[in-house]
Amino acid sequence: MRFLSLLLLALLSAGRAAGQSPAKTTVCAPIGQLPYHPVVAGSKLHYQVVGGPAYTMAMATTPITVAGQAYLEQVVDYGTTQTTAYYRQAGQATVYRATLTAPETVEVPATPTVGTVWKEDSSWRYTVVSTAEAFVAPACTFTDCLHIRAEQLAADGTNKAVFEQFFQRGRGYVGTQMGGRVMTYLLPDSGH
């Protein structure tokens, strides 16, 4: 979720706000009972920013060991800039480190239940909103998604920005809405 600030920057640099596109009839169902955010060596997912550029998220094939745990490096390539983080699966949970020396943070809890809240640090708060929601994107309707509200917090604890994120079993992160509009979405032919 740490890439949301860069995603917002990419949207702003694209020169227009994201708009909701008409729903397509294609339905993208979950893939089995895999985690909501699977960490898969060598995976490369392709995303589209509505009204802006495409970007990719690629997982390395060789793990890096930190504090006795094996992580895969994830590079998000926005075209003009890249970010790196380190992910691992902890059962059904997905955790990450923003850097190799940063503390570990929950990306997606093992058994998400509506109302579960956690913080990354003093700048982000996450809340599970739903565990069976549809995310309607221009390319596809992703069904049975985990909906997590990511709130970027100001120093006084108030919201600076609210991102509605959607994850689907077996596919992982499938998209984000802001202000009720789709900002970014997974291209359904990419990934696992």
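Residues numbered from 1 in each chain as written. Predicted model: local features only at pLDDT ≥ 70, side-chain atom pairs only at ≥ 80, totals over all residues. Heavy atoms only, no water.

## Structural notes on the overall build of the chain
Thinking step 1. In terms of helices and strands, the chain carries one helix and 14 strands.
Thinking step 2. Across the 192 residues in the chain, those meeting the buried criterion constitute 46%.
Thinking step 3. For the chain, long-range pairs separated by at least 24 residues make up 49% of all intrachain contacts whose partners lie at least 6 apart in sequence.
Thinking step 4. Surface summary for the chain: the accessible area is close to 8,500 Å², and the carbon and sulfur share equals 54%. (Helix = DSSP H or I, 4+ residues; strand = E, 2+ residues; numbered from the N terminus. Buried < 20%, exposed > 50% of the residue type's maximum accessible area, 1.4 Å probe, protein only. Contact = heavy atoms within 4.5 Å. Areas by Shrake-Rupley, 256 points an atom, 1.4 Å probe, with all protein chains shown as cover.)

## Regarding the packing of aromatic side chains
Thinking step 1. Evaluation of the coordinates by the stated rule reveals ten aromatic pairs.
Thinking step 2. Seen from the ring of Tyr36, Arg169 lies directly overhead, with NZ or CZ sitting 4.2 Å from the centre. (Phe/Tyr/Trp six-rings, centres within 6.5 Å; stacked < 30°, edge-to-face > 60°. Lys NZ or Arg CZ within 6 Å of the ring centre and 35° of its normal.)

## Regarding the pairing of strand S3 (residues 54–59)
For a regular strand, side chains alternate in direction, first toward one face of the sheet and then toward the other.
Thinking step 1. Taken together, the five bridges between strand S2 (residues 44–49) and S3 define a ladder with antiparallel strand orientation. From the neighbouring strand, Lys44 faces S3, where its bridge partner is Ala58.
Thinking step 2. Counting the residues that bridge the hairpin from S2 to S3 gives four residues, and of these Gly51 lies at a positive phi of roughly 75°.
Thinking step 3. Where S3 lies against strand S5 (residues 69–77), four bridges are found, and the strand directions are antiparallel. Paired with Met57 across the two strands is Val76, which belongs to S5. (Pairing = 2+ DSSP bridges.)

## With respect to the state of the cysteines
Thinking step 1. Counted under the stated rule, the structure contains one disulfide.
Thinking step 2. Note that Cys28 is cross-linked by a disulfide to Cys140, the S-S spacing being 1.9 Å. One end of the pair, Cys28, is in strand S1 (residues 27–28); the other, Cys140, is in the loop between strand S10 (124–136) and strand S11 (141–153), with 112 residues separating them in the sequence. Neither residue differs from the other here; Cys28 and Cys140 are each classed as buried. (Disulfide = S-S within 2.5 Å.)

## Looking at the environment of Arg88
Thinking step 1. Among the structural elements, Arg88 can be located in strand S6 (residues 82–90).
Thinking step 2. You can call Arg88 buried: its relative accessible area is 12%.
Thinking step 3. Separated by 19 residues in the primary sequence, Arg88 and Glu107 have C-alpha atoms spaced 9.9 Å apart.
Thinking step 4. Excluding residues that lie within four positions of it along the chain, Arg88 makes contacts with Val39, Gln69, Ala70, Tyr71, Ala93, Thr94, Val95 and Glu104.
Thinking step 5. Polar contacts involving the side chain of Arg88 include one to the side chain of Glu104, which spans 2.8 Å. (Polar contact = N/O pair within 3.5 Å; in protein donor to acceptor, adjacent residues only side chain to side chain.)

## Notes on the nonpolar core
Thinking step 1. Grouped together as the largest cluster of nonpolar side chains are 33 residues, with contacts concentrated most on Tyr55, Phe135 and Phe142.
Thinking step 2. At the level of elements, S2, S3, S10, S11, strand S12 (159–168), strand S13 (172–178) and strand S14 (181–186) are the ones that each hand at least two residues to this core.
Thinking step 3. By size, the runner-up hydrophobic cluster in this structure holds six residues, among which are Met59, Leu72, Ala85 and Tyr87. (Core = buried A, V, L, I, M, F, W, Y, C linked by side-chain atoms within 4.5 Å.)

## Concerning the confidence of the model for the chain
In regions of low pLDDT, the predicted coordinates are not meant to be interpreted in detail.
Thinking step 1. Looking at the chain as a whole, the pLDDT averages 86, with 85% of positions reaching at least 70.
Thinking step 2. With pLDDT under 50 throughout, residues 2–24 is counted as low confidence; its partners more than four residues away or in other chains account for 58 contacts. (pLDDT = per-residue confidence, 0-100.)

## Points about the pairing of S12
Thinking step 1. For S12, the tally of buried residues reaches seven of ten residues, placing the bulk of the element in the interior.
Thinking step 2. Here eight bridges tie S11 to S12, and the two strands are oriented antiparallel to one another. Its bridge partner lying in S12, Arg149 is registered against Glu164.
Thinking step 3. Linking S11 to S12, which pair antiparallel, is a turn of five residues; within it Gly157 sits at a positive phi near 90°.
Thinking step 4. The sheet contact formed by S12 and S13 spans five bridges and is antiparallel. Pairing of Gln165 across the sheet is with Thr176, part of S13.

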